[in-house]
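An overview of the molecular structure
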Amino acid sequence: MITKNDEYWFNFAMKTAEISQCQFRHGAVILYKRKPISLGCNLIKNRNINKLINNAPYNKIAEERRNRSDQIHAEVVAILRARTDLKGTCLYSARCRPRGLPGNSAPCESCSQIIELTGISSIVFWDNNGLKKVFV
């Protein structure tokens, strides 16, 4: 069940997505006990972001995806920036379409695998029917 709190943090993730310089703007926010501990938007690959991900524990899973893409997904950026145990957290994933409208923001297969490994317990995202909350 989606709560007002879920709506608030999803909208926060939407605002985070607006910062992205990528064609498809995505944002992610991770909460622990209703408090934000990390956020990120999808980023174009460059030397600085490569330094962040090269030694990450989830590097192997995301490697194939990164090689096929010119960007790092918002969920991965938020997870790497958290630099803490993510067990019991909730991840909000948002895609900001033109005119500020939400788009399908379900995590891709690679991000889903990484999310599962981290211990994140729930994900809130937008699908064609509105906000959806999934427990991992």
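Look up: the structure comes first, before these words.
The notes below deal with the structure included here. (Residues numbered from 1 in each chain as written. Predicted model: local features only at pLDDT ≥ 70, side-chain atom pairs only at ≥ 80, totals over all residues. Heavy atoms only, no water.)

Moving on, we come to the packing of aromatic side chains. In this structure the tally under the stated criterion is 3 aromatic pairs. Residues Tyr8 and Trp9 carry aromatic rings whose centres are separated by 4.9 Å and whose planes lie at 90° to one another, so their mutual orientation is edge-to-face. You can call Trp9 buried: its relative accessible area is 9%. Three or more aromatic residues joined by ring pairs make a cluster, and in this case those are Tyr8, Trp9 and Phe12. (Phe/Tyr/Trp six-rings, centres within 6.5 Å; stacked < 30°, edge-to-face > 60°. Buried < 20%, exposed > 50% of the residue type's maximum accessible area, 1.4 Å probe, protein only.)

Side chains that are three or four residues apart share a direction in an α-helix, a result of its 3.6 residues per turn. When the terminal C-alpha atoms of helix α1 (residues 4-17) are compared, their 20 Å separation across 14 residues agrees well with the 20 Å that a helix rising 1.5 Å per residue should span. Among all positions of α1, only Asp6, Trp9, Phe10, Ala13, Met14, Thr16 and Ala17 are buried. One side of α1 holds all its buried residues, which, seen down the axis, span an arc of 160°. Turned more than 90 degrees from where α1 packs its buried face, Lys4 and Lys15 sit exposed. At its buried positions, α1 is contacted by β1 (25-32), β2 (35-41), β5 (90-96), β6 (102-103), β7 (122-127) and β8 (130-135). (Helix = DSSP H or I, 4+ residues; strand = E, 2+ residues; numbered from the N terminus. Expected span 1.5 Å × (residues − 1). Arc of directions from axis to C-beta. Contact = heavy atoms within 4.5 Å.)

This part takes up the pattern of salt bridges. According to the stated counting rule, one finds 3 salt bridges in the structure shown. Across the pair Lys133 and Asp6 runs a salt bridge whose closest N-O atoms are separated by 3.4 Å. Of this pair, Lys133 sits in strand β8 while Asp6 sits in helix α1, and the two are 127 residues apart along the sequence. (Salt bridge = Lys/Arg side-chain N within 4 Å of Asp/Glu carboxyl O.)

By size, the foremost hydrophobic cluster in this structure holds 18 residues, and its most contacted members are Ile30, Val76, Ile79, Leu86, Leu91, Ile115 and Ile120. Elements with a minimum of two residues in this core: β1, α4 (74-82), α5 (109-118) and β7. A total of 7 residues in this core trace back to one element, the largest contributor, which is α4. Excluding anything up to four places from it in sequence, Val76 contacts Cys111 and Ile114. Counting 12 residues, the second largest nonpolar core, distinct from the first, contains Trp9, Phe10, Ala94 and Val124. (Core = buried A, V, L, I, M, F, W, Y, C linked by side-chain atoms within 4.5 Å.)

Before going further, it helps to spend a moment on the side chain of Thr89. With respect to the helices, strands and loops of the structure, Thr89 is situated in the loop between α4 and β5. On the basis of relative accessibility, which here comes to 1%, the residue Thr89 falls in the buried class. Reaching out from Thr89, the side chain makes a polar contact with the backbone oxygen of Leu86 at a distance of 2.7 Å. (Polar contact = N/O pair within 3.5 Å; in protein donor to acceptor, adjacent residues only side chain to side chain.)

Attention shifts here to the pairing of β5. The buried fraction of β5 amounts to 6 of the 7 residues, a majority that puts the element mostly inside the structure. Two strands pair when backbone bridges link them, and β1 and β5 are joined in this way by 7 bridges, in the antiparallel orientation. Bridge pairing links Gly27 to Ala94 in β5. Here β5 runs beside β7; their pairing, made up of 3 bridges, is parallel. The residue bridging Cys90 from the neighbouring strand is Ser122, located in β7. The pairing of β5 with β6 spans 2 bridges and is classified as antiparallel. Within β6, the position partnered with Cys96 by the bridge is Pro102. (Pairing = 2+ DSSP bridges.)

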